[in-house]
Amino acid sequence: MEAEGSYVQDDPHVKLMMAGSTLRKVKSRSWKKQRHFRLLEDGLTIWYKSRWAGKGHSTFSVMDVEAVREGHQSEVMLSIAEEFPAELCFTLVFHGRQGNLDLVADSPEEAQAWIQGVRKLIHKAQTMDEQERQDQWVRDWFQKADKNKDGKMNFKEVKKLLKMMNVEMNEDNALHLFTMADKCESGSLEIEQFVHFYQMLTQRDEVWKVFQDYSGDGERLTLEELETFLRLEQGEGDQSSQHAQQLIQRYEPSESAVKESSMSLEGFQMYLCSQEGSIFNPALLELHQDMNQPLSHYFISSSHNTYLLEDQLRGLSSLEAYIQALKRGCRCVEVDCWDGSDGEPIVYHGHTLTSKILFRDIISTLKEYAFKVSDFPVIVSLENHCGVEQQTVMARHLRHILGEMLLTAPLDGQIPLMLPSPQELRGKILLKAKKLGGLETHLDETLTDEVSDEDEMANGDAESPSAEDLPAETTNKKSKLSRELSDLVVYCKSVHFHGFEHARSQAKCYEMSSFSESKAKKLAKDAGSEFVRCNARQLCRTYPSGLRTDSSNYNPQDMWNVGCQIVALNFQTAGLEMDLNDGRFRQNGCCGYVLKPDFMRDADSRFSPDRPEDRPGYKPARLSIQVISAQQLPKVNQKEGSIVDPLVRVEIYGVPQDQTREETSHINNNGFNPVWNETLNFVVHSPELALVRFVVEDHDKTSRNDFIGQFTLPFTCIQLGYRHIHLLSKDGTAIPPSSVFVNVSVSELT
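- The protein goes by Phosphoinositide phospholipase C in an unreviewed UniProt entry, where it is assigned to Poecilia formosa.

As structure tokens, this is what we get:
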């Protein structure tokens, strides 16, 4: 581990960061304040404070930073571009929903030192292996607790630190371990000794027991013993022998064990805590699905009111909101356009106090960020409130800014009988909006350029409540459509829904309807299997009710159950619904497209979510999850001395019969290494559609339990056997080293 320190300290950029710099922190054109920033000795924590604030300071970890942008690369930086030249400016972008940090240095050299230095540290943090990460975590705690900075900790300080780390343990036990680690009997531990103390503290009996079950001598697993474990426990059939050899090469720290092709307890625990030992099958994290089927055969990650960072009444409209959604793999964004006062269309949540952004700036942002995390097509869902002139301005911006990226004609000049595939549309941006006539008519000039708005109203499709409240005579007017804008709509023509019968006999594959959540739920309840069949051929979009002014979300699973592809959610709002969306789209390379189960891609499908047992090939499964233990859960309540009382709940989301939850009992005062050994059993009728969500909460007798962490994944991506679940925060970001250790088995229900 020493290499970590020396690598960092020797780099000239990092040296400058450690010495510290005064940088301007910028929040807006009028808010620009000087702050002193420096990198702490651990090479991971950045500390800053204002020069006049007495003791107050802030810190963040390099682990929280996703990227560094140079120059005027954020809205805030663009607003001060005339005041500060680009070479002094940089922006730190964080994981999850945390806002950017915009900074201005005094010289280009200083800016470069911070830009390059932070990038190197991010790279270092990303390439650490499990053991280094764990050691680093322990070192960070040591630095926090070593109040007098003498690099030593006596027993009293260690006891206090254990409390901070969420560990409640009996004093004799702690003292015994302390004495064993204090090799020089000095009554205090230096950092290396503390790391050793911590390793003894975290020796996991439950992993040791599994190891003992398969190890003949109790010291090592031979290659054959490891193979047997992989075959019998981890559900690995024929490839177990080859895999056993790879695991020893990858995770065994002892060179002599590697030479003998055997694995020690340390290596075994490293494997179980690694990505390969995780509950999510790593092969399915990669792009692995067939991407050559029609668009209507995929679930598509989709955002609602993409321009908002907060709620719908007063929130900030922001280009950053588009960048964040696209970063999360979103492939359908919404743009709500209104006439601007100077001939330039603007985007905001109409008739509310949300701030406004220029349409052309959003399109420029799309051009830059659309294909950073996925090559597959992005659909721009246009809610158009503009007059003809500004619609034409929008059409020109789309053409000029996006150029070749914008799809403006059918792929092979043919009228399609089915939609093209994500593969064929790679790197393309598609416009979803109303269109004059169809692809067939090749616009005969006599066509009127009017489209009735009442259709949309009737669909429960007016997204702002204000539009629904207008008197009938104003709603029923015809709105004119710009020919230029209409011509840019190819495979996503917005139409009014005239019922499933009409859709089956009359509708074109490139026509699509949008439904509010309540309308979609009603259709799903009244005609589930017809909805499934319709969605095999045409796209459909669902969106949250206009009454959700707090930008809350509906459960997307209800919509996926009937095959709706574009289930639009408020990406800016963390919580269960976004956990499900993240869980659904974590597979297949996070590319924003997930192939629907085969029984939802068939236009003659007999599948109905209310009666899964009626479909041919119905195969229900029995899922059994033994919740063994949890490790190093974060503290929920920062009050001195408070320690969590954790419980684990497993929730299933799927067809109505599958919606269920079971939980363990809670364990008092142990967030460090609670052990449950409780088994939760489930029957899953449509495993192909189901999501499994693991939630850890802090039990509270008197009020609602506090959320500690969660992880959601598709049933089909679960690895069997002894697995770790690496927990995520409410925001969907990793919170290492917090995990839950489980043993999973799945069998056919007979």
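Past the structure itself, the notes keep going.
### Remarks on unusual backbone geometry
In step 1: With an omega of 0°, the peptide bond between Pro-736 and Pro-737 qualifies as cis.
In step 2: Of note, Pro-737 is situated in strand E32 (residues 734-748).
In step 3: One non-glycine residue, Asn-588, lies in positive phi territory at about 60°.
In step 4: By the secondary structure assignment, Asn-588 is in the loop between helix H25 (576-585) and strand E24 (593-595).
In step 5: Residue Asn-588 is classed as buried on the basis of its relative accessible area of 0%.

### As for the packing of helix H10 (residues 223-232) against helix H11 (residues 240-251)
In step 1: In the contact formed by H10 and H11, the axes pass within 9 Å of each other and the chain directions differ by 115°. The crossing of H10 and H11 is right-handed. Along the contact surface, H10 presents Leu-223, Leu-226, Glu-227, Leu-230 and Arg-231, while H11 presents Ser-240, Ser-241, His-243, Ala-244, Gln-245, Leu-247 and Ile-248.

### A short note on the environment of Glu-260
In step 1: Here Glu-260 is to be found in the loop between helix H12 (255-259) and strand E11 (262-264).
In step 2: Note on Glu-260: relative accessible area 54%, which makes it exposed.
In step 3: Side chain to side chain, Glu-260 and Arg-220 meet in a polar contact 3.2 Å long.

### Points about the sheet that holds strand E4 (residues 58-61)
In step 1: With antiparallel pairing, seven strands are arranged side by side in an open sheet as E4-E3-E2-E1-E7-E6-E5. Edge positions in the sheet fall to E4 and strand E5 (65-70), since each of these pairs with one other strand and no more. Taking each pair of neighbouring strands and ignoring which way they run, the sheet shows an average axis angle of 35°.
In step 2: Alignment of strand E3 (residues 45-49) against E4, held across four bridges, turns out to be antiparallel. Counterpart to Tyr-48 in the pairing with E4 is Ser-58.

### A closer look at helix H7 (residues 171-181)
In step 1: Burial in H7 covers these residues: Ala-174, Leu-177, Phe-178 and Ala-181. On an axial view of H7, the arc spanned by its buried residues comes to 105°, and they lie on one face. Turned more than 90 degrees off the buried face of H7, the exposed positions are Asp-172 and Thr-179.
In step 2: Looking at the buried side of H7, the elements it contacts are strand E8 (152-154), helix H6 (155-164), strand E9 (188-190) and helix H8 (191-201).

### Some thoughts on the pattern of salt bridges
Side-chain pairs of opposite charge can arise whenever the charged atoms involved come near each other.
In step 1: Counted by the stated rule, this structure contains 30 salt bridges.
In step 2: Glu-276 is paired through a salt bridge with Arg-250; the nearest N and O atoms lie 2.6 Å apart. Here Arg-250 lies in helix H11 and Glu-276 lies in the loop between helix H13 (265-273) and helix H14 (282-285), a separation of 26 residues in the sequence.
In step 3: Arg-250 sits in the partly exposed class, given a relative accessible area of 47%.
In step 4: Within the structure, one salt-bridge network assembled from shared partners comprises Asp-579, Arg-649, Glu-651, Arg-661, Glu-663, Arg-693 and Glu-697.

### Some points on the pairing of strand E22 (residues 540-543)
In step 1: Neither face of E22 is left uncovered, since the one carrying Cys-540 and Thr-542 and the one carrying Arg-541 and Tyr-543 both have all their residues buried.
In step 2: In this structure, strand E21 (residues 511-516) lies alongside E22, joined through four bridges in parallel fashion. Note on E22: the bridge partner recorded for Phe-515 is Thr-542.
In step 3: Once you follow E21 into helix H23 (residues 517-537) and on to E22, the crossover reads as right-handed.
In step 4: In this structure, E22 lies alongside strand E23 (residues 566-569), joined through two bridges in parallel fashion. The residue bridging Thr-542 from the neighbouring strand is Val-567, located in E23.

### As for the environment of Val-567
In step 1: For Val-567, the location among the structural elements is in strand E23.
In step 2: The exposure class of Val-567 is buried, given its relative accessible area of 2%.
In step 3: Here Val-567 is in contact with Ile-300, Ser-302, Thr-542, Tyr-554, Pro-556, Met-559 and Trp-560, once residues within four sequence places are set aside.

### Structural notes on the side chain of Arg-584
In step 1: Relative to the helices and strands, Arg-584 resides in helix H25.
In step 2: No salt bridge is formed by the buried Arg-584. Its closest oppositely charged neighbour is Glu-688, at 9.8 Å.
In step 3: Here Arg-584 is in contact with Phe-299, Gln-557, Trp-560, Val-594, Leu-689, Leu-691 and Pro-714, once residues within four sequence places are set aside.

### Focus on a positive patch on the surface
In step 1: A cluster of like positive charges, contributed by Lys-147, Lys-149, Lys-156 and Lys-160, occupies part of the molecular surface.
In step 2: Summarising the element assignment, Lys-149 is placed in the loop between helix H5 (130-145) and E8.

### Details of the UniProt feature "active site" (unreviewed entry) in the protein
In step 1: The positions UniProt marks with the feature "active site" (unreviewed entry) are His-304 and His-349. Across 46 residues in sequence, these annotated residues keep their C-alpha atoms within 11.3 Å of one another, forming a single compact spot.
In step 2: You can see His-304 is positioned in the loop between strand E12 (298-303) and helix H15 (319-327).
In step 3: Residue classification places His-349 among the buried residues on the basis of a relative accessible area of 4%.

### As for the environment of Val-744
In step 1: Looking at the element boundaries, Val-744 is found in strand E32.
In step 2: Assessed through its relative accessible area of 3%, Val-744 is described here as buried.
In step 3: Between the C-alpha atom of Val-744 and that of Glu-233, which follows or precedes it by 511 residues, the distance is 9.2 Å.
In step 4: In contact with Val-744, other than residues within four places in its own chain, are Ile-279, Leu-623, Ser-624, Ile-625, Ile-718, Gln-719, Leu-720 and Gly-721.

About the criteria used
- Every residue gets a number counted from 1 within its own chain, in the order that chain's sequence is written.
- Two thresholds apply to this predicted model, a pLDDT of at least 70 for residue-level local features and 80 or more for giving and counting side-chain atom pairs, whereas whole-chain, interface and lining totals are computed over all residues.
- By convention in this description, side-chain values take in all heavy atoms of the structure and omit both hydrogens and water.
- Put simply, DSSP marks the helices as runs of H or I at least four residues long and the strands as runs of E at least two long, and each gets a number from the N terminus on.
- For the exposure calls, accessible area comes from a 1.4 Å probe over protein chains only, and a residue counts as buried if that area is under 20% of its type's maximum, exposed if over 50%, partly exposed in between.
- Axis definition: a line fit to C-alpha positions, over the contact stretch in the case of helices; interaxial angles, taken between N-to-C directions, run 0 to 180 degrees.
- Note: crossing handedness is left-handed where the near helix turns anticlockwise from the far helix by less than a right angle, and right-handed where it turns clockwise.
- Working rule for contacts: check all heavy atoms of both residues, and any pair within 4.5 Å makes them a contact.
- We define a polar contact as two N or O atoms separated by no more than 3.5 Å, with the added condition that, inside protein, one atom must be a possible hydrogen donor and the other a possible acceptor, whereas residues neighbouring each other in sequence contribute only through side-chain atom pairs.
- Note: two strands are recorded as paired if DSSP finds a minimum of 2 bridges between them.
- The reported arc concerns the directions from the helix axis to the C-beta atoms and nothing else.
- What counts as a salt bridge is simple: a side-chain nitrogen of Lys or Arg found within 4 Å of a carboxyl oxygen of Asp or Glu.
- Think of it like this: strands point away, you trace from the first strand over the helix to the second, and a clockwise trace means the crossover is right-handed.
- Residues scored as charged are limited to Lys and Arg (positive) and Asp and Glu (negative), so that His and the chain ends carry no count.
- Patch building starts from residues that exceed 30% relative accessible area and form no salt bridge, then joins like charges within 9 Å and nonpolar side chains (Val, Leu, Ile, Met, Phe, Trp, Tyr) within 5 Å.
- Only the protein chains shown count as cover for residues, and the accessible areas themselves come from Shrake-Rupley with a 1.4 Å probe.
- To locate a charge, the coordinates of NZ of Lys, CZ of Arg, CG of Asp or CD of Glu are taken.
- UniProt positions are given in the numbering used here, feature names are shortened, and annotations may be inferred rather than shown by experiment.

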